[in-house]
Amino acid sequence: MTKTLYKNAKVFTGKNEEFETLDFVVDDKKGNFVEDEKVDQTVDLAGKYVMPGMINAHTHIVADPYGRVTSLGSTATKSPAYTFVALSNLQKLLTDGVTYIRDVGSVFEVDIELATLERQGDLFSPGIVASGYPLTMTGGHFSEGSYEVDGVDEARKYARLLLKKGVGNVKLMATGGVSFDGETPHDIQLTEAELRAAVEQAHHKGRTANAHAQGTEGIQNALRAGVDSIEHAVYLDDETIDMFLQRGTYIVPTLTAPWAMIQEADQLPGFMVQKSLELSEAHSQSIGKAAQAGVPIAMGTDSGTAFNNFDQNSSIELELMVNAGVTNLQVLQAATINAAKLLQIDQKAGTIEVGKLADFIVLDEDPLKDIKVMQKEKTVFKKGIEIK
């Protein structure tokens, strides 16, 4: 069999604004959507809803969210264990309908190497945009799992080193955060000048740069430095939202990160739970307000942080975004075409159209009417192959 016609489904292509009855053809050998021509078999999807595979723009695939094999940022674990966990997490993402990811904090170049293997066709997994080690200030957020840089020259040098290693994105720490003690989301960490030096290097190579930024001042520093996306964006005021709009910068909300910690509060250190509780309401309000203002949103979960799993939380993130005030359509766009544009993979992923990867999800109900259907049983295809 080489070509399969899928007919009678209601399809959200990523570019339309509602599910429409469309037929599409998949080249099963090449794994792409192709022109409607002579086919070898037909699959009737009458009564089903089809959308592009989801793109998760913020993962940490080397981290075990339950801390059994690895923990985020730990230097005690060796690379084989991190690779084992990453391979398992990639398969879990597929089962949830995630067919492409951006990993934004790995160790031992695990994400870079796996991205290469997937591109070569030697690894069957979601596509991967790798970031390798993040850049943080000495003693800054996620410092044990990052390159520690101080000053413009070091930020520039280590960004260049990451690009030499083959990253598709440079990850930067602009503020403190929740998962590590002794810091707050409002702490300024890498300076605007340090951030800009790294961003410029990424952009010189045609790659992206993103910033972990939770407090308002740090978010503004990162925006002025020219990052392509702000991760978390917990505390936004009107001025900051206007800055996003002026620059076209994306927000990757990761609402599941504090949500997961709150769900498992009795199993976590008090500082993590307290900070999650303190920021949760402001986080949701900021994301809803930004989306309503027209700031581009891309879906991401921060999976790998405490209890923030890979097999369910991409779908749960969509519900949390809707609860925050993002429309169902904006949410589906965030998980498909928007994320593809942010990751610079929109020439091959993020929409259902001829020439793109045949990454798609088959659902029993319409997620534009009820986003929670994304959490129900679904059939996932990666490069035209059904995930069992």
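A brief report on the enclosed structure follows. All residue numbers here refer to positions counted from 1 along the written sequence of the relevant chain. With the structure being a predicted model, the display of local features is reserved for residues of pLDDT at least 70 and the display and counting of side-chain atom pairs for 80 or more, all residues being used for whole-chain, interface and lining totals. Heavy atoms throughout the structure, all of them, feed into the side-chain values; hydrogens and water do not.

Observations regarding the overall build of the chain
In DSSP terms, a helix is any run of H or I states spanning at least four residues, a strand is any run of E spanning at least two, and both are numbered starting from the N terminus. Secondary structure assignment for the chain yields 11 helices and 17 strands. As a reference, a globule follows 2.2 Å times the number of residues to the power 0.38, and the radius of gyration itself is taken over C-alpha atoms. Taking 21 Å as the expected radius of gyration for a compact globule of 388 residues, we find that the chain reaches 20 Å, a close match to that expectation. For the C-alpha atoms alone, the extent of the chain along its principal axes is close to 60 × 40 × 40 Å. With 388 residues in all, the chain has 59% of them scored as buried. Contacts in the chain between residues at least 24 apart in sequence constitute 69% of all its contacts with a sequence separation of at least 6. What sets the accessible areas is the Shrake-Rupley method with a 1.4 Å probe; for residues, cover comes only from the shown protein chains. Taken as a whole, the chain presents about 15,000 Å² of accessible surface, with 46% of it coming from carbon and sulfur. Only protein chains enter the calculation, and the probe is 1.4 Å; a residue is then buried if its accessible area is under 20% of its type maximum, exposed if over 50%, and partly exposed in between. Note on contacts: a residue pair is in contact if any heavy atoms of the two residues lie within 4.5 Å.

Some points on the pattern of salt bridges
The term salt bridge refers to a side-chain nitrogen of Lys or Arg lying within 4 Å of a carboxyl oxygen of Asp or Glu. Counting across every chain of the model gives 15 salt bridges. Its salt-bridge partner being Arg156, residue Asp153 comes within 3.1 Å of it at the nearest N-O pair. Taken together, the residues span about one helical turn, with Asp153 and Arg156 both in helix α3 (residues 152–165) at a distance of three residues. Three or more residues joined by partner-sharing salt bridges are found here, namely Lys15, Glu353 and Lys356.

Brief notes about the nonpolar core
Residues Leu172 and Ile230 are the most contacted members of the largest nonpolar core, which totals 77 residues. Among residues more than four places away in sequence, those in contact with Ile230 are Ala211, Ala213, Ile219, Ala222, Leu223, Phe244, Thr249, Tyr250, Ile251 and Val252. Counting 14 residues, the second-largest nonpolar core is a separate cluster that includes Ile55, Tyr100, Ala298 and Ala339. Definition of nonpolar core: a set of buried residues of the types Ala, Val, Leu, Ile, Met, Phe, Trp, Tyr and Cys, connected through side-chain atoms within 4.5 Å.

A look at the sheet that holds strand β8 (residues 127–129)
In a beta sheet, neighbouring strands are held together by backbone hydrogen bonds and run either parallel or antiparallel to one another. Paired strands are those between which DSSP finds at least two bridges. An order of β6-β7-β8 is seen for the three strands of this open sheet, with the pairing classed as parallel. With one partner strand each, in any of the chains shown, β6 (54–59) and β8 form the two edges of the open sheet. Averaged over all neighbouring strand pairs, the angle between strand axes comes to 20°, with direction disregarded. Here three bridges tie strand β7 (residues 98–103) to β8, and the two strands are oriented parallel to one another. Note on β8: the bridge partner recorded for Arg102 is Val129. Helix axes are fitted to C-alpha atoms over the stretch in contact, other axes to C-alpha atoms as well, and angles between N-to-C directions run from 0 to 180 degrees. Sitting on the sheet, helix α1 (residues 79–95) is in contact with β6, β7 and β8, with an inclination near 135° to β7. Strands in contact with helix α2 (residues 110–120) are β7 and β8; relative to β8, the strand with the most contacts, it is inclined by about 140°.

Considering the pairing of strand β2 (residues 20–27)
Pairing of strand β1 (residues 3–11) with β2, which is carried by seven bridges, proceeds in the antiparallel orientation. Paired with Tyr6 across the two strands is Phe24, which belongs to β2. Bridge count for β2 against strand β3 (residues 32–34) is three bridges, and the pairing is antiparallel. Counted as the bridge partner of Val26 is Phe33 from β3. Here β2 folds back onto β3 in antiparallel fashion, the turn holding four residues, of which Gly31 has a positive phi close to 75°.

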